[in-house]
Amino acid sequence: MGRDMPIIPTSLSLLATYMSPILVLGYAGEIYSYGTLMVETIFGAIVFVPIAALIFMPTMYPLRLTSAYEVKKHYFKFLRKLFYSFIHAIICYLEYRYESRVVRILAALTFTIQIICYMGVVLFAPSLALNAVVDFPIPISVVVMGLSCAVYTAIGGLKAVVWTDVFQMLIMLAGMFAIVIGGALQVGGYSKVFQIAQDHQRIKFLNLNVDFFERLNSLNILLGNGIMVLSVCGCQQTAVQRYCSMSSLKKAILTILITLPLVVFTVGLAALAGVVIFANYADCDPITLGLIKRNDQIAPYFVLEFLSSTGGLLGLFIACLFSASLSTVSSGLNSLTAVTWEDFLGKTEFFQKMSEKAQGQVSKLVGLIYGLLCIGMAFLAANFDGVLGASIVLNGSVAGPLLGVFLLGLLVPFANKWGAIVGMLVGHTITILICVGAGLLNIKSPTLPFSVDGCSDNVWDTVGNKTEIYLRSNITVNAVRPEIEWPQKIHTVSFLLYPVIGCTICVVVGLIVSFITGIVCPGTNFLISPKQEKYVHPLLAKLIRMFRKPGNYYNGGSGKSLELSTSYSYSNGYPSEAPAVQSNMNGLNGTYTKRSSSLGRNLDVGP
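Here is a short report on the structure shown in this document. Every value quoted in this text rests on a predicted model; they were computed, and no experiment measured them.

On to the packing of helix H12 (residues 298-307) against helix H13 (residues 313-343), then. Look at H12 against H13: their axes get within 9 Å of each other, and the N-to-C directions meet at 165°. Here H12 lies roughly antiparallel to H13, going by the angle between them. Crossing hand, H12 versus H13: right-handed. In contact with Ala299, Pro300, Val303, Leu304 and Leu307 of H12, H13 contributes Leu313, Leu314 and Phe317. In terms of residue class, the contact of H12 with H13 is made up of eight nonpolar, no polar and no charged.

Moving on, we get to the packing of helix H16 (residues 387-411) against helix H17 (residues 417-441). In helix packing, the relevant descriptors are the interaxial angle and the interaxial distance, both defined with respect to the helix axes. Closest axis-to-axis distance for the H16/H17 pair is 9 Å, and the angle between their directions is 160°. By the angle between their axes, H16 is roughly antiparallel relative to H17. Considering the relative orientation of H16 and H17, their crossing is right-handed. In contact with Val393, Ser397, Val398, Pro401 and Val405 of H16, H17 contributes Ala420, Met424, Gly427, His428, Thr431 and Cys435. Partitioned by chemical class, the residues of the contact of H16 with H17 number seven nonpolar, four polar and no charged.

The next subject is the state of the cysteines. Counted by the stated rule, this structure contains one disulfide. In this model Cys284 forms its disulfide with Cys455; the gap between the sulfur atoms is 2.2 Å. Looking down the S-S bond of the Cys284 and Cys455 bridge, the torsion is 110°, so its handedness is right-handed. Of this pair, Cys284 sits in the loop between helix H11 (249-281) and H12 while Cys455 sits in the loop between H17 and helix H18 (457-463); the two residues are 171 residues apart in sequence, bridging distant segments of the chain.

Before going further, it helps to examine a nonpolar patch on the surface. A contiguous nonpolar patch, built from Phe177, Ile181, Leu185, Tyr190, Phe194 and Phe265 and spanning about 600 Å² of accessible area, is present on the exposed surface. Of all the secondary structure elements, the ones that give two or more residues to the nonpolar patch are helix H7 (158-187) and helix H8 (190-199). At three residues, H7 tops the list of elements feeding residues into the nonpolar patch. Considering the arrangement of structural elements, one finds Ile181 in helix H7. Residue classification places Ile181 among the partly exposed residues on the basis of a relative accessible area of 46%.

On to the nonpolar core. Membership of the largest hydrophobic core comes to 153 residues, with the highest contact counts inside it found for Phe56, Leu94, Ile179, Ile277, Phe317, Val405 and Phe406. In this structure, Cys284, Leu289, Val459 and Trp460 belong to the second largest nonpolar core, which totals six residues.

Quick look at the side chain of His537 now. Take His537: it is sitting in the loop between helix H20 (498-517) and helix H21 (538-547). Side-chain polar atoms of His537 contact the backbone oxygen of Leu54, separated by 2.8 Å. Here His537 is in contact with Leu54, Ile55, Pro58, Thr59, Leu410 and Leu411, once residues within four sequence places are set aside.

The next point concerns the environment of Ile505. Following the sequence through the fold, Ile505 ends up in helix H20. Sequence separation between Ile505 and Ile430 is 75 residues; the distance between their C-alpha atoms is 8.4 Å. Apart from the residues lying within four places of it in its own chain, the contact partners of Ile505 are Val426, Gly427, Ile430 and Gly510.

A few words now on unusual backbone geometry. Cis geometry marks the peptide bond from Trp486 to Pro487, where omega comes out at 5°. Turning to its location among the elements, Pro487 is positioned in the loop between helix H19 (466-477) and H20. Backbone geometry places Asp135, a non-glycine residue, at a positive phi of 60°. By the element assignment, Asp135 lies in the loop between helix H5 (101-134) and helix H6 (138-156). What makes Asp135 exposed here is its relative accessible area of 56%.

Further remarks concern the side chain of Thr36. Along the polypeptide, Thr36 turns up in the loop between helix H2 (21-34) and helix H3 (41-60). What makes Thr36 buried here is its relative accessible area of 3%. The residues contacting Thr36, other than those within four sequence positions of it, are Ile31, Arg202, Ile203, Lys204, Phe205 and Val275.

Relative to the 20 Å expected for 14 residues at 1.5 Å per residue, H2 spans 19 Å between its end C-alpha atoms, a close match to the ideal helical length. Within H2, 14 of the 14 residues are buried, leaving the element largely enclosed by the surrounding structure. Gly35, located one to two residues past H2, shows a positive phi value of around 95°.

Across all of its chains, the model carries 13 aromatic pairs by this definition. Ring centres of Phe177 and Phe265 lie 6.2 Å apart, and the angle between their planes is 40°; on these two criteria the pair is classed as tilted. In this pair, Phe177 sits in helix H7 while Phe265 sits in helix H11, placing the two residues 88 residues apart along the sequence. Looking at Phe177, the relative accessible area reads 36%, which means it is partly exposed. Assessed through its relative accessible area of 43%, Phe265 is described here as partly exposed. When the ring of Tyr281 is compared with that of Phe302, the centres are 6.2 Å apart and the planes differ by 85°; the resulting orientation is edge-to-face. Note that Tyr281 is positioned in helix H11 and Phe302 in helix H12, a separation of 21 residues in sequence. An identical accessibility class is assigned to Tyr281 and Phe302; each is buried. Through a chain of ring-to-ring contacts, the aromatic side chains of Tyr93, Tyr96, Phe406 and Tyr535 assemble into a single cluster. Across the ring face of Tyr34, the terminal group of Arg215 is positioned such that the distance to the ring centre comes to 3.8 Å. Lying across the ring of Phe213, Lys489 places its NZ or CZ 4.6 Å from the centre.

A few words on the environment of Tyr370. Among the secondary structure elements, Tyr370 is positioned in helix H15 (residues 356-381). On the accessibility criterion, Tyr370 (12% relative accessible area) is buried. For the pair Tyr370 and Ile115, spaced 255 residues apart in sequence, the C-alpha separation works out to 9.9 Å. The residues touching Tyr370, leaving out its near neighbours within four places in the chain, are Thr112, Ile116, Leu333, Leu336, Thr337 and Thr340.

Turning to the pattern of salt bridges, a few remarks are in order. Applying the stated criterion across every chain yields a total of five salt bridges. For Glu95, the salt bridge is made with Arg104, and the minimal N-O distance between the two is 2.7 Å. Among the residues examined, Glu95 registers a relative accessible area of 7% and is labelled buried. Residue Arg104 is classed as buried on the basis of its relative accessible area of 6%. Several salt bridges converge on common partners, so that one network encompasses Glu95, Arg101 and Arg104.

The rules behind each value
- Residues numbered from 1 in each chain as written.
- Predicted model: local features only at pLDDT ≥ 70, side-chain atom pairs only at ≥ 80, totals over all residues.
- Heavy atoms only, no water.
- Axes fitted to C-alpha atoms, helices over the stretch in contact; angles between N-to-C directions.
- Helix = DSSP H or I, 4+ residues; strand = E, 2+ residues; numbered from the N terminus.
- Parallel < 35°, antiparallel > 145°, perpendicular 65-115°, else oblique.
- Left-handed = near helix turned anticlockwise from the far one by under 90°.
- Contact = heavy atoms within 4.5 Å.
- Nonpolar A, V, L, I, M, F, W, Y, C, P; charged D, E, K, R; others polar.
- Disulfide = S-S within 2.5 Å.
- Patch = residues over 30% accessible without salt bridge, like charges linked within 9 Å, V, L, I, M, F, W, Y side chains within 5 Å.
- Areas by Shrake-Rupley, 256 points an atom, 1.4 Å probe, with all protein chains shown as cover.
- Salt bridge = Lys/Arg side-chain N within 4 Å of Asp/Glu carboxyl O.
- Buried < 20%, exposed > 50% of the residue type's maximum accessible area, 1.4 Å probe, protein only.
- Core = buried A, V, L, I, M, F, W, Y, C linked by side-chain atoms within 4.5 Å.
- Polar contact = N/O pair within 3.5 Å; in protein donor to acceptor, adjacent residues only side chain to side chain.
- Expected span 1.5 Å × (residues − 1).
- Phe/Tyr/Trp six-rings, centres within 6.5 Å; stacked < 30°, edge-to-face > 60°.
- Lys NZ or Arg CZ within 6 Å of the ring centre and 35° of its normal.

See the structure below:
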């Protein structure tokens, strides 16, 4: 019934969702320019992944989001239906919890914007690599890859995505291992690598400053990455889809806990690659020399210079980046198409009256349009200081309020639709204003010092003006971040904290608005009605039942006791399944029917 997936393959599939060109290029460039402090994102994952499992899984898993489908003869048809059902169900959770279509629409729009932003960065990253290796124009590379991905996704649907996932992960790991091993041998071993990095201030850990305006410190990294981990594990279909495919809650939790050391290993490997690359360029920086333009081009340039003599290695590395990008963008386009059809187009009478073939064609056209939007976002990503920073800014500024509305629904029984709506709107508004203001100020954080003192005569003959390059090197070493006064100073807050700001504002505003508009559930004199208990955390549901007294439910304002028409039996802290409903959902290759036996209910939802 779709819940018999093995633990290890599912964990590897979860790991594949974290693998992208941003990981390889972003961490290498970050560590090359700013040191190893960003590696502390690993600690955020170690702390917050178990917290995410405790908060989201006990609530999401028993809703049985995958029980709607049976595995039939055609495996990929099942996968396609399953893929769309998860996206639909995650967003539907908010509608059923808050009994409001507006909350669902806001969540769908947030999801759409978040995926477009992220995919734009993913498209831009491999184009940087190709430019560093063969000087191929970045704009042409972005357009060609974006259009190619949109076309083959529209034609192939999820089948194209499934076949590339495992291949993508393996080939990216192979590329990073090639850098780590080959680069260390080039320097003289790992002890020499770390000694050089230490001498040039690249080994940095535990910056315990409490300064929210500092680009990187341990507290900002822990909070910012922690909120992103919660968002990924609880609000993104890529994670929820996989752990809900397990046959039991215990296996679902075990799956995500097994994924944790895999993620730690992968991030650690990417960070080690950055340290190894710096050790090779410590005394002859190609950025200062003008051989490359950005720090996130350092990994492909290193492969070109030092490892291209090994037959096929350069091609392997570029293929690794493009494979990861295509897989990620394909998955995102499928997600966006599903959300657009289910929450917008599929609700209109015009599209409902279309034939299945026509609906499938419309879905493909929607996928192509989203592909064009992602291409446009890729050009915007070029304005950020590194692909890793661009990913955190664009993804995090949108993810925070969405996580906030989920946390309100799960952990605050009296949170209502008005709190969710106003909280999300205010959270998005403030984070977007901060982000846009930071972009307009365009303040670049100074990097750690680079050196060109060890460049050979051959290198100087290649680059030309030695005096100009030394002058450029001195400017980089002496660069200081300018002081900004209030109120503009708010725009200089660490980019890592964008998701924290959005989530916190959404939760605080949501609590205040919910309290003002009434903390008692309509038709009752209690915080929440029985039919809503399954949508809050099971521990809260148990506490609610402990403190609820007979007669807590009344029929409106009449004062008469309300006899509930549905009797609930509790299993694992949840009311039993409600009546099933039918809803149409369109995939990239046609229309099919979704039957949800637990989320689907006849609800009289308001705005």
